[in-house]
Amino acid sequence: MIAMKKLTFSLKGAFVVGLVSTFGVLAVAAIILGKDPEGLRIGQLYLKRGLELDNVSNAVFGVYGVFRFYDTLFELMIFSMAVLGITVFSDLEASESSESAQLVESHVVNASASFLYPIVAVFGFYLAFSAHLGPGGGFAAGVIGGSGVLLLALSKGAGETGRRFQENEMKRVEYLALIFALGVAVLGSLYPGKAYGGLSGLGTIIAVNTAIGMKVFIGTWAILHFFVKHRGEI
Amino acid sequence: MSDFTAAISILIVVVGSIGLILKKNLLMKLLSLSIVNTATILFFVLVVYTPGDRAPIGAYPGIQYADPLPQALVLTSIVINFGVLALSLLFTMVLVKRYHTLDVKKIEELVRKEFEAEGRPASHGD
């Protein structure tokens with residue numbers, strides 16, 4: 001009986017391995033046979049079209065912020081759905097050990113966190129404001145801002161940091177950022193100039209990047225806060 | 001891109017997918033999902049890598065720039081993977097809190113027992 005069970009399991013495993021491997025072999029064959037001798041045409045197209053935009057010199061931002069803004073919009077939607085799920089479940093789950101846990105007292109961490117946090121925050125804003133000119137972007141800015149808040153939570157505690165940042169207000173800002181991105185996408189499809197998808201004016205570009213940065217910052221902070229709360233303290 | 005490196009990244013995707021299907025531990029499933037995502041990013045990197053490319057910032061004629069499209073796609077992939085991983089970790093935590101196990105088969109059995117105790121038929125069993 002046991003041997004039979006083992007046999008069926010191995011048969012199922014062999015079937016799965018065979019099926020997935022077949023797909024892998026087909027993918028490799030498609031890559032080898034379907035090679036385009038011209039190569040990289042789409043990328044060159046985006047580089048060339050990026051030249052026609054006046055305000056954008058970072059071609060990666062040109063792709064995700066202007067030409068393929070819908071991609072970014074739906075990415076933001078999926079991300080905010082994940083954050084929404086986490087927020088709802090963290091409200092449902094009673095957090096018993098939220099405030100009772102002890103912070104580890106360390107003067108070095110306290111002093112360096114309060115000294116370093118403004119620098120990290122300013123760097124995040126700089127990346128959000130200058131992403132159309134150089135390396136950076138809203139996503140990187142948001143993650144850097146979230147890391148800065150994590151640094152602050154290391155020294156002050158997650159609950160205190162959440163109160164200081166007025167978490168409930170921040171959740172509204174998150175959805176405002178999403179609505180703003182939606183508005184830009186709608187306006188960009190209504191008035192397509194040189195760029196289809198998003199708008200390419202300088203103010204819009206900076207505002208889009210800041211909105212993406214705020215969105216990712218608040219989402220990252222909400223996820224971090226949930227796991228910190230669940231565990232007790234950092 | 002050489003075919004050998006592409007084959008390696010596809011191989012990692014295959015390994016991750018097999019783990020995703022066959023592993024019974026939920027955390028191992030999430031780990032396999034992460035492996036698949038990383039291999040996809042590796043594939044994107046290998047697709048556009050050509051030696052001597054410059055970062056696509058500023059457009060001066062005569063300089064060979066890297067392809068900006070996969071870089072934007074990789075940004076999307078990283079953020080989505082972060083969100084999906086966080087949400088599935090949360091669901092795993094909820095399941096563990098309720099059933100005290102990570103094994104998918106055991107969770108399924110416990111759910112079926114709960115259904116039978118309530119007098120409902122176990123809907124679409126497996």
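Residues numbered from 1 in each chain as written. Chains lettered and ligands numbered in written order. Predicted model: local features only at pLDDT ≥ 70, side-chain atom pairs only at ≥ 80, totals over all residues. Heavy atoms only, no water.

A.B. asks: A description of the overall build of chain B should follow, citing residues and the corresponding values.
C.D. replies: Helix and strand counts for chain B come out as 4 helices and 0 strands. In chain B, the order of α-helices and β-strands from amino to carboxyl end is α-α-α-α. Taken over the C-alpha trace, chain B has a radius of gyration of 21 Å; the compact-globule value for 126 residues is 14 Å, which it surpasses by more than 25%. For chain B, the residues scored as buried account for 32% of the 126 residues in total. Counted over contacts in chain B with a minimum sequence separation of 6, partners at least 24 positions apart contribute 46%. Working note: accessible area of chain B is about 7400 Å², and carbon and sulfur atoms make up 69% of it. Here chain B contributes 11 positively and 10 negatively charged side chains, and the mean placements of these two sets differ by 7 Å. (Helix = DSSP H or I, 4+ residues; strand = E, 2+ residues; numbered from the N terminus. Rg over C-alpha atoms; globule rule 2.2 N^0.38 Å. Buried < 20%, exposed > 50% of the residue type's maximum accessible area, 1.4 Å probe, protein only. Contact = heavy atoms within 4.5 Å. Areas by Shrake-Rupley, 256 points an atom, 1.4 Å probe, with all protein chains shown as cover. Lys, Arg positive; Asp, Glu negative; His and termini not counted. Charge placed at Lys NZ, Arg CZ, Asp CG, Glu CD.)

A.B. asks: Mind laying out the packing of aromatic side chains, listing which residues take part and the relevant values?
C.D. replies: Residue and element names in this part refer to chain A. Following the criterion strictly, the structure yields 6 aromatic pairs over all chains and no others. With a centroid separation of 5.6 Å and an interplanar angle of 55°, the aromatic rings of Tyr64 and Phe139 are classed as tilted. Of the two residues, Tyr64 sits in helix H3 (residues 59–67) while Phe139 sits in helix H6 (residues 138–156), which places them 75 residues apart along the sequence. Taken individually, Tyr64 and Phe139 each receive the classification buried, so the pair is uniform in this respect. (Phe/Tyr/Trp six-rings, centres within 6.5 Å; stacked < 30°, edge-to-face > 60°.)

A.B. asks: Let's hear about the interface of chain A and chain B: which residues, and what values?
C.D. replies: The interface is formed by 46 residues belonging to chain A together with 39 residues belonging to chain B. For the pairing of chain A and chain B, the buried interface totals around 3600 Å² over both sides, and the portion due to carbon and sulfur atoms is 82%. On the chain A side of the interface with chain B, the three residues burying the most area are A:Ile31, A:Val60 and A:Glu75, jointly 14% of the side's total. Put simply, chain A and chain B have 0 salt bridges between them. (Buried area = accessible area lost by both parts, 1.4 Å probe. Salt bridge = Lys/Arg side-chain N within 4 Å of Asp/Glu carboxyl O.)

A.B. asks: Tell me about H6(A), residues and numbers included.
C.D. replies: Residue and element names in this part refer to chain A. Here H6 contains 19 residues, and its C-alpha end-to-end distance of 27 Å stays within 8% of the 27 Å for a straight helix at 1.5 Å per residue. Turning to H6, its buried residues are Gly138, Phe139, Ala141, Gly142, Gly145, Gly146, Gly148, Val149, Leu152, Ala153 and Ser155. Immediately downstream of H6, the backbone of Gly157 shows phi near 95°, a positive value. (Expected span 1.5 Å × (residues − 1).)

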